[in-house]
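Descriptive analysis of the structure
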Amino acid sequence: MNNVNNAIEVKNLTKNYKTFSLDGISFNVPHGYVCGFIGENGAGKTTTLKLVTGMVLRDSGEINILGKSADEPSAKKDLGILFEQSHLYENWTAINIEKALRPFYENWDSTAYHGYLEKFSLLQRQKVKKMSRGMKIKLAMAVTLSHDAKLLLLDEPTAGLDPAARDEMLDIMRGYIADGDRSVFFSTHITSDLEKIADYIVYISGGKILFSGLKDELIEKYCLVKGGVKELNELPESKRKNIIGLRDSGTAGGFEGMMEVMNTGGLPPGIITETVSLEDVMIHSERSRK
Amino acid sequence: MRIIISHQSGVPFYEQVKEQIKASVLSGEVPQGEPLPSIRQLARDLKVSVITTTRAYNDLEIEGFIQTIPGKGCYVKKVDESLIKEQYTAEVKTALAAAVRHGKLAGLTTQELHKLLSEAEEDI
């Protein structure tokens, strides 16, 4: 248990819906780190998370959680789950929630739960419906953290939070993985959060995995290329076809795109290269796909 | 030791962590044998990812500034004098190259450059 290398292993996972399919995807989430799950709306993030948790049944493929097959009931014990849609009943208070949920968890820790309520400044007797979005997420997080989970699966935990609350969420995650024996896998659109916290990235696009690995590796693999349309037109086709998500800036007479750093040798001095952010990688990859 | 992460400098975070620890070691501010914060604690305190501090520590170890004792942690190594000299000489070279470039732009002769160097030395 302590020696697993991967918190999640997904192999050839397939799920077909009428209008969307996950196409035999494979990726690993290393244990002991924060891994971000990115991709545009409808790319398959929530579907993947639901398949991993078993909320949706897969058509084929293999999923392992902390070294065990996800089909084993005991694999779920170590999972902490937080989905975008709150599962907490609106009329409940933090106290009701503990009473209702603790029987489901073998390792429920009441002291920890009340500790988190206090830490997150949540009132014990306030009803969920009276809470702000940030408070609801923090309450759900308190539940998730109070049953000794080893792996957190969070679906957009920072969406709709103000900057201070987001920072607090990230801090909670950092504290959570600090001992090295816990992992976080979370989906988000807020790539700046990932720049701050993620060690690994899984990038899904149109039901396929475009990248899975170290965040630094992804960012160092690409660079932005910018220059004038004139320089662009003079580029040989062999170079030009390496530009990902090429876009010209209209009346400004320039162009912008992304390239793999290994392909940038021999560019004329009129074309400059810049480091990419995760957001740049996503924007240009999606643009080139359409 | 004091480490400050700039989000605007454009220098990768791991590089910033590495350079600042290196500076503290070279200046003698963090003495030999002193334990460094754990990789995970430092990541948490600096609000950076664990891989960032891991990379910084790995590089520092390769360059001979720190030592990892498995199960115990990271310590500042005895930095030998020649390594310090080498590091500072490299910095001097970079700074001088920039000075020469600027001097050329200003149309200074070699003698004038030498004179400026002597003056700078006297000022310190």
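Only a predicted model underlies this, so the values are computations on that prediction, with no experimental measurement involved. (Residues numbered from 1 in each chain as written. Chains lettered and ligands numbered in written order. Predicted model: local features only at pLDDT ≥ 70, side-chain atom pairs only at ≥ 80, totals over all residues.)

1. Some words on the overall build of chain B
The secondary structure content of chain B amounts to 5 helices and 2 strands. The N-to-C order of helical and strand elements in chain B reads α-α-α-β-β-α-α. Its C-alpha radius of gyration of 18 Å places chain B more than 25% over the 14 Å reference for a compact globule of 124 residues. Counting only C-alpha atoms, chain B reaches 60 × 35 × 25 Å along its principal axes. By residue count, 20% of the 124 residues in chain B fall in the buried class. Relative to all contacts within chain B whose residues are 6 or more apart in sequence, the contacts with residues 24 or more apart total 52%. (Helix = DSSP H or I, 4+ residues; strand = E, 2+ residues; numbered from the N terminus. Rg over C-alpha atoms; globule rule 2.2 N^0.38 Å. Buried ≥ 20, exposed ≤ 12 C-beta atoms within 10 Å, placed from the backbone. Contact = placed C-beta atoms within 7 Å.)

2. Thoughts on the overall build of chain A
In terms of regular secondary structure, chain A is built from 10 helices and 14 strands. Here the C-alpha coordinates of chain A stretch approximately 70 × 40 × 40 Å along the principal axes. Counting the 290 residues in chain A, one finds 37% classified as buried. Across chain A, every contact between residues at least 6 apart in sequence was considered, and the portion connecting residues at least 24 apart equals 72%.

3. Let's talk about the interface of chain A and chain B
Contacts between the two partners involve 13 residues from chain A and, on the opposite side, 7 residues from chain B. Within the side of chain A that touches chain B, the residues separate by chemical class into 6 nonpolar, 2 polar and 5 charged. (Nonpolar A, V, L, I, M, F, W, Y, C, P; charged D, E, K, R; others polar.)

4. Here we look at the domain arrangement of chain A
Residue and element names in this part refer to chain A. Per the domain assignment, the segments of chain A are domain 1 (6-206) and domain 2 (219-289). For domain 1 and domain 2, the distance between their C-alpha centroids amounts to 36 Å. At the interface, 7 residues of domain 1 touch 7 residues of domain 2. Among the elements that take part in the side of domain 1 that touches domain 2, helix α6 (residues 191-197) stands out by supplying 3 residues, more than any other. (Domains from an automatic or database assignment.)

5. With respect to the domain arrangement of chain B
As assigned here, chain B comprises domain 1 (13-76) and domain 2 (81-123). In this structure, domain 1 of chain B and domain 2 of chain B have C-alpha centres spaced 31 Å apart.

6. Some thoughts on the sheet that holds strand β7 (residues 151-155) of chain A
Adjacent strands of a sheet pair through backbone hydrogen bonds, lying either parallel or antiparallel. All names here are of chain A. Read from one edge of the open sheet, 6 strands run β6-β7-β8-β3-β9-β10, paired in mixed fashion. At either end of the open sheet lies a strand with only one pairing partner, and these are β6 (79-82) and β10 (208-214). The sheet shows a mean angle of 15° between the axes of neighbouring strands, taken without regard to direction. As defined by bridge partners, β7 adjoins strand β8 (residues 183-187) across 5 bridges and the pair is classed as parallel. Residue L154 lies in a different strand from β8, and its bridge partner there is F186. The sheet strands contacting helix α5 (residues 163-177) are β3 (34-38), β7 and β8, and the helix crosses β8 at an angle near 150°. (Pairing = 2+ DSSP bridges. Axes fitted to C-alpha atoms, helices over the stretch in contact; angles between N-to-C directions.)

7. Section: the nonpolar core
Residues and elements named next belong to chain A. C35, L151, L153, V184, F185 and I201 are the most contacted members of the largest nonpolar core, which totals 89 residues. With 7 residues, the top contributor of residues to this core is helix α4 (residues 133-145). Those residues within four positions of L153 in sequence are excluded, and the remaining contacts are L49, V52, T53, L79, I81 and F185. (Core = buried A, V, L, I, M, F, W, Y, C linked by C-beta atoms within 7 Å.)

8. Let's talk about the sheet that holds strand β1 (residues 6-16) of chain A
Residues and elements named next belong to chain A. The antiparallel open sheet is built from 4 strands, whose spatial order is β2-β1-β4-β5. Across the chains shown, the open sheet's two edge strands, defined by having one partner strand only, are β2 (21-30) and β5 (68-69). In this sheet, strand β4 (residues 60-65) lies alongside β1 in antiparallel orientation, the contact comprising 5 bridges. Note that in β4 the partner of K11 across the bridge is E62. The strands touched by helix α1 (residues 45-53) within the sheet are β1, β2 and β4, with β1 carrying the most contacts at an inclination of about 115°.

9. Details of the pairing of strand β12 (residues 244-248) of chain A
All names here are of chain A. The sheet contact formed by β12 and strand β13 (residues 254-260) spans 3 bridges and is antiparallel. Paired with D248 across the strands is F255, a residue of β13. Linking two consecutive strands that pair antiparallel, namely β12 and β13, is a turn of 5 residues; a positive phi of about 60° is found at G250 within it.

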